[in-house]
Amino acid sequence: MSLTFDDGTFIRTDLVAPLPPPRRQIGVVGWVRENLFSSVLNTVLTICGILLVAWVVPPFVRFMIIDAVWTGENREACLGPDVGACWPFIHAKFGQLIYGFYPIDQRWRPDIVFAAGILLMVPLLVPSWPFKRLNSLLFFVLYPVVSFVLLTGGNIDASAFLFEHFGLIHALVGDVTVAGVNATFWVDYVLTAVAVAALVGGLLALLGGSGTGAARTTLWVFLAFGALVLVWDIDFGLEYVETRQWGGLLVTLVIAVTGIVASLPLGILLALGRRSQMPIVRLLSVVFIEFWRGVPLITVLFFATYMLPLFLPQGTNPDALLRALVGVALFSAAYMAEVVRGGLQAISKGQYEGAMAMGLSWSQMMRLIILPQALTLVIPGIVNSFISLFKDTTLVLIVSIFDFLGQLRASFTDPNWASPVTLYTGFAFAGLVYFLFCFGMSRYSLFVERRLNTSHRR
Amino acid sequence: MTDLVEHAPARAKSSFINDPKVRSIGLQIIALIVVVVLGWMFADNARENLAAQKIATGFGFLDNTAGFGINQTLIPYSETSTYGRAFVVGLLNTILVAVVGIILATVIGFLVGIGRLSKNFVVRLISTIYVEVLRNLPPLFQILFWYLAVLSAMPNPRQSINLLDEVFISNRGIIIPRPLFGEGTGLVLWAMGLALICAILFGHWAAARQEETGRRLPVLWVNLSLLIGLPMIAMIITGFPITFERPELKGFNFVGGIRVIPEFVALTVALATYTAAFIAENVRSGIQAVSHGQTEAAHSLGLRNGQTLRLVIIPQAMRVIIPPLTSQYLNLTKNSSLAVGIGYPDLVAVFAGTTLNQTGQAIEIIAITMGVYLVLSIITSVIMNSYNKRVALVER
């Protein structure tokens, strides 16, 4: 055995280029083999699936677009053997579906409310946008008040109601009206505010607490409430539109947005109550939350419609929509409380301890440290409960408030448009609207979830 | 040192109002007073209002004659029955929808949930579309769609869709054969009960034996043959006492069989498919929550694919799936109150609807209705909590 090295030896200095993978495993063919026909069961499933798609999709597209009727004045256009969706029906009923029976010449008012809502909502939802604090203040405080005045027409006599209970000067002087605003009431109001603030401040100072602070807080509360009453009291010259005339998408959005705006502060309070150390406060919060979460929304609406008027003083007969709103707000507050509680529980104990070590009081700790973090964490949860609230607004049709679905149902009975395809067209359109709203929101909540999720997922 | 001693009494001078203990007690007393005063005001107003409207209070109305008909009753009921009986009829109808809906929703939900994780692109696509579409449409919309657009569009009884001459689908509902229980049915039922008890006992014994010896017994096959075999033997002995009455078309309508009203079909199908979309998501997240290492570890121990799934993945996934699954069941039960939208006689429609309109006793009726749902959800959450305690990971 000898080892020879002759000069003819070939030594490769670089790697051979790799062969391409077998053609059956790459590209379209490879993907199809891997994903669709990897086993017998898979092949059967694929074929069944494709058959299902072929059975559903072409007739759907034909109905919605190809065979659809696009122009017409009444039902005549949509009669025929192979007619698809009757879009002129939607066109004719569009106003009714969006605004209900809101007076046609006043529809610019809901339009402004819609536009303002979008203008305030979009910057609030985009995480990188600045001025979040101002923006949410505008959306959660100013927007509801402005919308209320715009939609109803404002000029409600809130002062007259309050008078009968708290009037001091009124009893002596009677009504003195200056520029459409009841002056006596406001003198009365200021006097009451000062008196109550002095009383509260004095009482606290007597007990050794900070009297001036308490008095200042009381005055702020009176100021905020007074501003609200003043805005409602001013006559802007808008025509009064009673809520019975509202309807369609307007009512759907009013209920959903009111529900979420009202339930957020209430839900935060309840969540804090449930996590509190004080047994009575905790018990009350738990009972409240579990009660509303345990009953269906329908019974809540029945409660608000039939039972609530019995609980209020005789003679007060609140508006039907307002009653439904109260029910929806209480109901969604309970769900919101659980969402917020989840956020509070996710904040590590170190944050609480750190805040306390800095010498912050309980309210400062919550306001400055805990709640900002907890609320950011639960944005997806809040959006999800908004989605379910949005879907639940359809239930008000059972207590005869005509929301979007209610208007749709009502429009089916119009003999002018009675045709075999009317029903399907209506359902297709309403389904599309609901789907776009809910799907859009659920995508947004997913987006926030991904943004917040910094863990490494497999 | 002296500084500290001298500062200590200074703290005691600070007002007792700043003492956290005093504050917390004071706050609680204030909260309690507010709640009691509000409750007292509501009660007082209610008393005055009821007196003004001359509405009697109390639950005596339950014994009065109802005087309205109900189009689906599981127990004998007529217009001369009492409101109390109408309540029971409505409650049973609610439970019927809930039970059938829950079974259907679970089956569809698990299939779709597994489909969303399938390697097969077509299956995954269809499952995803199913979940996204059904989840994002309001349930009442779906119920109305099934009721108005699907079931009302069915042919009339004369041209009804005929399945094997046994089941007929028309716009009057679905007609299915009615089982007739002849003599000897009792024995068959006893056999069923006995088989069930035997199967449970055998399962326990087999588990104990596996702990002891390590041998696995074919529990599934033994129990299946027990559950099918015993009632079959009883049937053969008694000469097949259970027969089916076939529906027949006579004139314009069907005679015989059981008519399942379209309201029931629309409500159950809509709720089941709607809830199934949520269950599918729970199932998917439950399976995804089991880490991939578990599968790898099971494979390296030599378990086959089926065994890995059955013994390792599913038990762990179920721990994640079951709590949200129960809350979906509860949601379905609560959503069954949407029946009132299409006129299915459930608890809300019969009791909070018709009975309330006739008697005007809003407080009693709404309290009872809410109470029923509350009791249902409390029972569920109690069961859930005990289950959670049993399966929760014990951290040592």
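These numbers come from a predicted model, not from an experiment.

Quick notes on the rules
Going along each chain's sequence as written, the residues are numbered from 1 onward. Naming scheme: in the order in which they are written, chains are lettered from A and ligands are numbered from 1. Only residues with pLDDT of at least 70 are given local features in this predicted model, and only at 80 or more are side-chain atom pairs given and counted; all residues enter the totals for whole chains, interfaces and linings. Note: side-chain values were computed over all heavy atoms of the structure, leaving out hydrogens and water. Under the DSSP-based scheme used, a helix requires at least four consecutive residues in state H or I and a strand at least two consecutive residues in state E, with every element numbered from the N terminus. Only C-alpha atoms enter the radius of gyration, while the globule expectation follows 2.2 Å times N to the 0.38, with N the number of residues. Exposed residues in this analysis have more than 50% of their type's maximum accessible area, buried residues have under 20%, and partly exposed residues fall in between, with area computed by a 1.4 Å probe over protein chains only. Any two residues whose heavy atoms approach within 4.5 Å at even a single point are treated as in contact. What sets the accessible areas is the Shrake-Rupley method with a 1.4 Å probe; for residues, cover comes only from the shown protein chains. When charges are counted, Lys and Arg are positive and Asp and Glu negative, with His and the chain ends excluded. Throughout, a charge is located at the NZ atom of Lys, the CZ atom of Arg, the CG atom of Asp or the CD atom of Glu. Buried area counts how much accessible surface, traced with a 1.4 Å probe, disappears from two parts once they are put together, with both parts' losses summed. The salt bridge criterion pairs a side-chain nitrogen of Lys or Arg with a carboxyl oxygen of Asp or Glu, the two atoms within 4 Å. Residues adjacent in sequence count toward polar contacts only when both atoms are side-chain atoms; beyond that, a polar contact is any pair of N or O atoms within 3.5 Å, and within protein one must be able to donate a hydrogen and the other to accept it. By the convention adopted, Pro, Cys, Tyr, Trp, Phe, Met, Ile, Leu, Val and Ala count as nonpolar, Lys, Arg, Asp and Glu as charged, and the other residues, Gly among them, as polar. Residue-level confidence of the predictor is summarised by pLDDT, bounded by 0 at the bottom and 100 at the top. For our purposes a nonpolar core is just a set of buried Ala, Val, Leu, Ile, Met, Phe, Trp, Tyr and Cys residues, chained together by side-chain atoms within 4.5 Å. DSSP bridges decide pairing: two strands pair if at least two such bridges lie between them. Helix axes are fitted only over the stretch in contact, all axes being lines through C-alpha atoms; the angle between N-to-C directions runs from 0 to 180 degrees. In this scheme Phe, Tyr and Trp rings, the latter by its six-membered ring, pair at centre separations within 6.5 Å, and the angle between planes marks the pair as stacked below 30 degrees, edge-to-face above 60, and tilted otherwise. Roughly parallel covers angles under 35 degrees, roughly antiparallel covers those over 145, roughly perpendicular covers 65 to 115, and oblique covers all other angles.

Asks: Which residues make up the overall build of chain B, and what values do they have?
Replies: Along its length, chain B carries 12 helices and 8 strands. Over its C-alpha trace chain B gives a radius of gyration of 29 Å, far above what one expects of a compact globule, namely 21 Å for 396 residues. If you line up chain B on its principal axes, its C-alpha atoms span 100 × 75 × 45 Å. Within chain B, buried positions represent 39% of all 396 residues. Long-range contacts, defined as pairs at least 24 residues apart, comprise 67% of the intrachain contacts of chain B with a sequence gap of at least 6. For chain B, the exposed area adds up to about 22,400 Å²; of that, 67% sits on carbon and sulfur atoms.

Asks: Describe the overall build of chain A, naming the residues involved and giving the relevant values.
Replies: Regarding its fold elements, chain A presents 18 helices and 2 strands. Against the compact-globule benchmark of 23 Å for 458 residues, chain A has a radius of gyration of 32 Å, which places it well outside the compact range. Seen through its principal axes, chain A has C-alpha atoms that stretch 125 × 80 × 40 Å. Burial analysis of chain A (458 residues in total) assigns 41% to the buried set. Of the contacts made within chain A by residues no fewer than 6 positions apart, 67% connect residues no fewer than 24 positions apart. Carbon and sulfur atoms make up 69% of the accessible area of chain A, which amounts to about 26,300 Å² in all. Considering chain A, the positive charge centre built from 28 side chains and the negative charge centre built from 26 side chains are found 12 Å apart.

Asks: Just give me the short version of the interface of chain A and chain B, but keep the residues and values in it.
Replies: In this complex, chain A contributes 60 residues to the contact, which on the side of chain B involves 58 residues. For the pairing of chain A and chain B, the buried interface totals around 5,100 Å² over both sides, and the portion due to carbon and sulfur atoms is 73%. In this assembly, chain A and chain B are joined by 1 salt bridge. The partner of Arg443(A) in a salt bridge is Glu132(B), and the shortest N-O contact between them spans 3.0 Å. Applying the counting criterion to the chain A and chain B interface returns 14 residue pairs in polar contact (both at pLDDT 80 or more). Where the side of chain A that touches chain B is concerned, the elements lending two or more residues are α1 (27–35), α2 (40–66), α11 (279–294), α12 (297–311), α17 (404–411) and α18 (422–452) of chain A. Per-element tally for the side of chain A that touches chain B: the top contributor is α18(A), with 11 residues. A per-class count over the side of chain A that touches chain B returns 41 nonpolar, 12 polar and 7 charged.

Asks: Outline the confidence of the model for chain B, supporting the account with residue identities and numerical values.
Replies: All names here are of chain B. Here chain B shows a mean pLDDT of 82. Residues at 70 or above account for 92%. In this model residues 1–12 is a low-confidence stretch, pLDDT under 50, and it forms 0 contacts with partners more than four residues away in sequence or in other chains. Across the interface, the model reports ipTM at 0.82; the global pTM reads 0.83.

Asks: Before we move on, can you summarise the nonpolar core with the specific residues and values?
Replies: Counting 160 residues, the largest nonpolar core has Trp246(A) and Leu344(A) as its most contacted members. Considering each element in turn, this core owes the most residues, 14 residues, to helix α10 (residues 248–274) of chain A. For Trp246(A), the residues in contact, after removing those within four places along its chain, are Tyr99(A), Gly100(A), Tyr102(A), Leu151(A), Thr152(A), Val241(A), Val251(A), Val254(A), Leu321(A) and Phe402(A). In this structure, Leu134(B), Ala276(B), Ala277(B) and Ala280(B) belong to the second largest nonpolar core, which totals 7 residues.

Asks: Describe the side chain of Ser337(B), and please don't skip the residues or the numbers.
Replies: Within the secondary structure layout, Ser337(B) lies in the loop between α10 (305–335) and α11 (347–359). With a relative accessible area of 1%, Ser337(B) lands in the buried category. Reaching out from Ser337(B), the side chain makes a polar contact with the backbone oxygen of Lys334(B) at a distance of 2.5 Å. Those residues in contact with Ser337(B) that lie beyond four places of it in its chain are Pro296(A), Ile298(A), Asp346(B), Val348(B) and Tyr373(B).

Asks: Could you give an account of the pattern of salt bridges, naming the residues involved and the relevant values?
Replies: Per the stated rule, a full pass over the model turns up 11 salt bridges over all chains. Here Arg274(A) and Glu290(A) are joined by a salt bridge, their closest N and O atoms 3.1 Å apart. Highlighted residues: Arg274(A) in helix α10 and Glu290(A) in helix α11, separated in sequence by 16 residues. Its relative accessible area of 17% is what places Arg274(A) among the buried residues. The partner of Arg135(B) in a salt bridge is Glu132(B), and the shortest N-O contact between them spans 3.5 Å. Here the residue Arg135(B) and the residue Glu132(B) both occupy positions in helix α4 (residues 121–135), the gap between them amounting to 3 residues, near one helical turn. For Arg135(B), a relative accessible area of 19% gives the class buried. What you see here is one network of salt bridges that share partners, running through Arg443(A), Arg116(B), Glu132(B), Arg135(B), Glu281(B) and Arg284(B).

Asks: Requested: an account of the sheet that holds strand β3 (residues 173–176) of chain B, with residues and values cited.
Replies: Residue and element names in this part refer to chain B. Strand order across the open sheet formed by 4 strands is β1-β2-β3-β8, with antiparallel pairing between neighbours. For this open sheet the edge positions go to β1 (161–163) and β8 (258–260), each flanked by a neighbour on one side alone. Taken over all neighbouring pairs, the strand axes of this sheet differ in orientation by 20 degrees on average, direction set aside. Pairing analysis gives 3 bridges linking β1 to strand β2 (residues 167–170), with the strands arranged antiparallel. Bridge pairing in β2 places Leu163 opposite Val167.

Asks: So what about the packing of aromatic side chains? Which residues, and what values?
Replies: For the coordinates displayed, the defined rule picks out 27 aromatic pairs over all chains. With 5.4 Å between their ring centres and 85 degrees between their planes, Phe427(A) and Phe145(B) make a pair best called edge-to-face. Highlighted residues: Phe427(A) in helix α18 and Phe145(B) in helix α5 (residues 139–151), drawn from two different chains. Classification of Phe427(A) as buried rests on a relative accessible area of 4%.

Asks: Run through unusual backbone geometry, naming residues and quoting values.
Replies: All names here are of chain A. The backbone of Phe131 shows a phi angle near 60 degrees, a positive value even though the residue is not glycine. Along the polypeptide, Phe131 turns up in the loop between α4 (108–125) and α5 (132–152). Looking at Phe131, the relative accessible area reads 63%, which means it is exposed. Residue Ser400 is not a glycine yet carries a positive backbone phi of 50 degrees. By secondary structure assignment, the location of Ser400 is in the loop between α16 (379–392) and α17.

Asks: Lay out the side chain of Ser263(A) with the relevant residues and their values.
Replies: All names here are of chain A. Along the chain, Ser263 turns up in helix α10. Owing to a relative accessible area of 0%, Ser263 belongs among the buried residues under this scheme. At 2.9 Å, the side chain of Ser263 and the backbone oxygen of Gly259 are in polar contact. At 3.2 Å, the side chain of Ser263 and the backbone oxygen of Ile260 are in polar contact. Setting aside chain neighbours within four positions, we find Ser263 in contact with Thr258, Ala329, Ser332, Ala333 and Met336.

Asks: How would you explain the packing of helix α3 (residues 87–99) of chain A against α10(A) if you had to name every residue and give the values?
Replies: All names here are of chain A. At their nearest, the axes of α3 and α10 sit 2 Å apart, and the two run at 20 degrees to each other. By the angle between their directions, the pair α3 and α10 is classed as roughly parallel. Touching Gln96, Leu97, Ile98 and Tyr99 of α3 are Gly248, Leu249 and Leu250, all from α10.

Asks: A description of the packing of α11(A) against helix α12 (residues 362–391) of chain B should follow, citing residues and the corresponding values.
Replies: As a packed pair, α11(A) and α12(B) sit with axes 8 Å apart at the nearest point and diverge in direction by 105 degrees. One finds that α11(A) runs roughly perpendicular with respect to α12(B). Only Met370(B), Tyr373(B), Leu374(B) and Ser377(B) of α12(B) make contact with α11(A), whose side of the interface consists of Glu290(A), Phe291(A), Trp292(A) and Gly294(A). In terms of residue class, the contact of α11(A) with α12(B) is made up of 5 nonpolar, 2 polar and 1 charged.

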